[in-house]
Amino acid sequence: MNNFKGPVYFGFKGGKGALTAVAVLFMVNWVMALLCLGFFVIIVALTRYVSLGTICATMLFAAISFIPVFGNTLYFYLFACLMAWVSFFVRRSSSQNIWFYTYV
């Protein structure tokens, strides 16, 4: 519920949901979290779009969660896919703006 009531208490400034997701990811699997964090930093450094970096990092998280080396369960796969979907769904207007300004 942090994603829905947080903006009211913190002046409608973004990032609290993504920060909470990263904190949970560090608690669950810190190696995957470091890989995603590094990917996020690279995407933001190259494009200057934080929302694009967040979307790409969560998509990477969903993709690498299926690598057998990490030994994840079916519930973790569902969690990873749901997290990626929610991240994209919440940032759908930002991704539309990025697409519009980049290709039009």
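All values reported here derive from a predicted model rather than from experimental measurement. (Residues numbered from 1 in each chain as written. Predicted model: local features only at pLDDT ≥ 70, side-chain atom pairs only at ≥ 80, totals over all residues. Heavy atoms only, no water.)

Caption draft 1: Quick peek at helix α3 (residues 30-47). Here α3 spans 25 Å end to end across 18 residues, near enough to the 26 Å set by a 1.5 Å rise per residue. What α3 keeps buried is the set M32, A33, C36, I43 and V44. Along α3, the residues classed as buried sweep out an arc of 95° about the axis, all on the same side. Opposite the buried face of α3, by more than 90 degrees, sit the exposed residues W30 and L46. (Helix = DSSP H or I, 4+ residues; strand = E, 2+ residues; numbered from the N terminus. Expected span 1.5 Å × (residues − 1). Buried < 20%, exposed > 50% of the residue type's maximum accessible area, 1.4 Å probe, protein only. Arc of directions from axis to C-beta.)

Caption draft 2: Up close: the nonpolar core. Counting 10 residues, the largest nonpolar core consists of L25, M32, A33, C36, A57, F61, I64, F76, A80 and M83. Every residue in contact with M83, bar those within four places of it in the chain, is listed here: A21, T58 and F61. (Core = buried A, V, L, I, M, F, W, Y, C linked by side-chain atoms within 4.5 Å. Contact = heavy atoms within 4.5 Å.)

Caption draft 3: Here's a closer look at the environment of F40. Take F40: it is sitting in helix α3. With a relative accessible area of 23%, F40 lands in the partly exposed category. In this structure F40 touches V50, G53, T54 and A57, once residues within four positions along its chain are discounted.

Caption draft 4: View of the packing of aromatic side chains. Scanning the model with the defined rule gives four aromatic pairs in all. For the ring pair F61 and F79, a centre distance of 6.1 Å and an interplane angle of 75° mean the geometry is edge-to-face. Taken together, the residues F61 in helix α4 (residues 50-64) and F79 in helix α5 (residues 74-90) connect sequence positions 18 residues apart. Take F61: its relative accessible area is 1%, and that puts it in the buried class. (Phe/Tyr/Trp six-rings, centres within 6.5 Å; stacked < 30°, edge-to-face > 60°.)

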